[in-house]
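# Topology and contacts: notes
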Amino acid sequence: DVASGGVVNPKDDYSSFNPRVGVIRAISPTSELFASASRLYEAPTTFELEDDARGDGSTLDAMHGNVIEVGLRGASAVSADTTRWHWDVSAYYARLNDEILSIDDPAAPGTSLSANVDRTIHAGIEALVGASIPFAGGAHRIEPLVSASYNAFSFDGDAVYGDNDLPAAPDYVVRGEVMYRHDSGFFAGPTFDLVGSRYADFSNTYRVGSYSLPGLRAGVDRQN
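Cut-offs applied
Residues numbered from 1 in each chain as written. Predicted model: local features only at pLDDT ≥ 70, side-chain atom pairs only at ≥ 80, totals over all residues. Heavy atoms only, no water. Salt bridge = Lys/Arg side-chain N within 4 Å of Asp/Glu carboxyl O. Helix = DSSP H or I, 4+ residues; strand = E, 2+ residues; numbered from the N terminus. Buried < 20%, exposed > 50% of the residue type's maximum accessible area, 1.4 Å probe, protein only. Contact = heavy atoms within 4.5 Å. Polar contact = N/O pair within 3.5 Å; in protein donor to acceptor, adjacent residues only side chain to side chain. Phe/Tyr/Trp six-rings, centres within 6.5 Å; stacked < 30°, edge-to-face > 60°. Lys NZ or Arg CZ within 6 Å of the ring centre and 35° of its normal.

## A few points about the pattern of salt bridges
The tally for this structure, following the rule as stated, stands at ten salt bridges. Linking Asp156 and Arg95 is a salt bridge whose minimum nitrogen-to-oxygen distance equals 2.9 Å. Of this pair, Asp156 sits in the loop between strand E6 (140-155) and strand E7 (172-182) while Arg95 sits in strand E4 (residues 84-105), and the two are 61 residues apart along the sequence. Taking the relative accessible area as the measure of exposure, Arg95 reaches 43% and is therefore partly exposed. In this structure, Glu177 engages Arg217 in a salt bridge whose closest nitrogen and oxygen atoms are separated by 2.8 Å. Highlighted residues: Glu177 in strand E7 and Arg217 in strand E11 (residues 211-220), separated in sequence by 40 residues. Glu177 sits in the buried class, given a relative accessible area of 15%. By relative accessible area, which is 33% here, Arg217 ends up partly exposed. A single salt-bridge network, built from bridges that share partners, covers Arg141, Glu143, Arg181, Asp183 and Asp221.

Spelled out as structure tokens, the structure:
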């Protein structure tokens, strides 16, 4: 029991039928559109059941909801001596019921407890674009790659928090690199991360700032 420290034995059975339907449409030999709709379901873990905010031995409800996704992915034609592009972009929108979130214990600030939240929304856009640019007869290549995501996670008409943002993900994340690659397997190049700001609390009163992170990556790829 969260309040008294006594032993409790929460017990429940969880089951669900989670269908998914999708369609893929080829728009060229190397590109396709896709879309899907599916049901989401996740039962609470034993850790979450143990840390139930109510502390009365009752069990948390399973999270459930629905999500739709649409997107486009593809690549340019393969050629040994010309630039090859590839891309993948998708958007998704999920409405969740009874999502299990960690909340502060009013009796012990800083201690997280598990609780169901009536309704939340998880939505976003994810994109990736890259290229392979050969030179000097094709033995050398420059390969830029950029991936980005925009996140919109929020409560949905919550009695306490309204439509506040969830402190679950930054507003955006951009990651990229520009690699030099040689046919011998050697590669090296700069990398970067750009991470947007996000709220640190459900009340949206404290915001964690954005940051950037430059880097360098090098290595050797071998067949084995």
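Now that the structure is up, let's keep going.
## Concerning the environment of Asn116
Mapping Asn116 onto the fold places it in strand E5 (residues 108-135). Those residues in contact with Asn116 that lie beyond four places of it in its chain are Leu60, Asp61, Asp98, Glu99 and Ile100. A distance of 2.9 Å separates the side chain of Asn116 from the backbone nitrogen of Asp61, its partner in a polar contact. Here the side chain of Asn116 touches Asp98 through a polar contact of 2.8 Å, landing on its backbone oxygen.

## Re the packing of aromatic side chains
In the structure shown here, the tally under the stated rule is four aromatic pairs. Ring geometry for Phe155 and Phe202: centres 5.3 Å apart, planes at 90°, overall edge-to-face. In this pair, Phe155 is assigned in strand E6 and Phe202 in the loop between strand E9 (198-199) and strand E10 (207-208), connecting sequence segments 47 residues apart. In this structure, Phe155 and Phe202 share a single accessibility class: buried. Ring geometry for Tyr161 against Phe202: centres 5.4 Å apart, planes inclined by 65°, an arrangement best described as edge-to-face. With a gap of 41 residues between them, Tyr161 in the loop between E6 and E7 and Phe202 in the loop between E9 and E10 connect regions that are remote in the sequence. Members of the aromatic cluster, joined through ring pairs, are Phe155, Tyr161 and Phe202. Between Arg73 and the ring centre of Phe34, over which it is positioned, the NZ or CZ distance is 4.2 Å. Over the ring of Phe187 we find Arg181; its NZ or CZ atom is 4.8 Å from the centre of that ring.

Remember, this is a structural readout, not a statement about activity or role.
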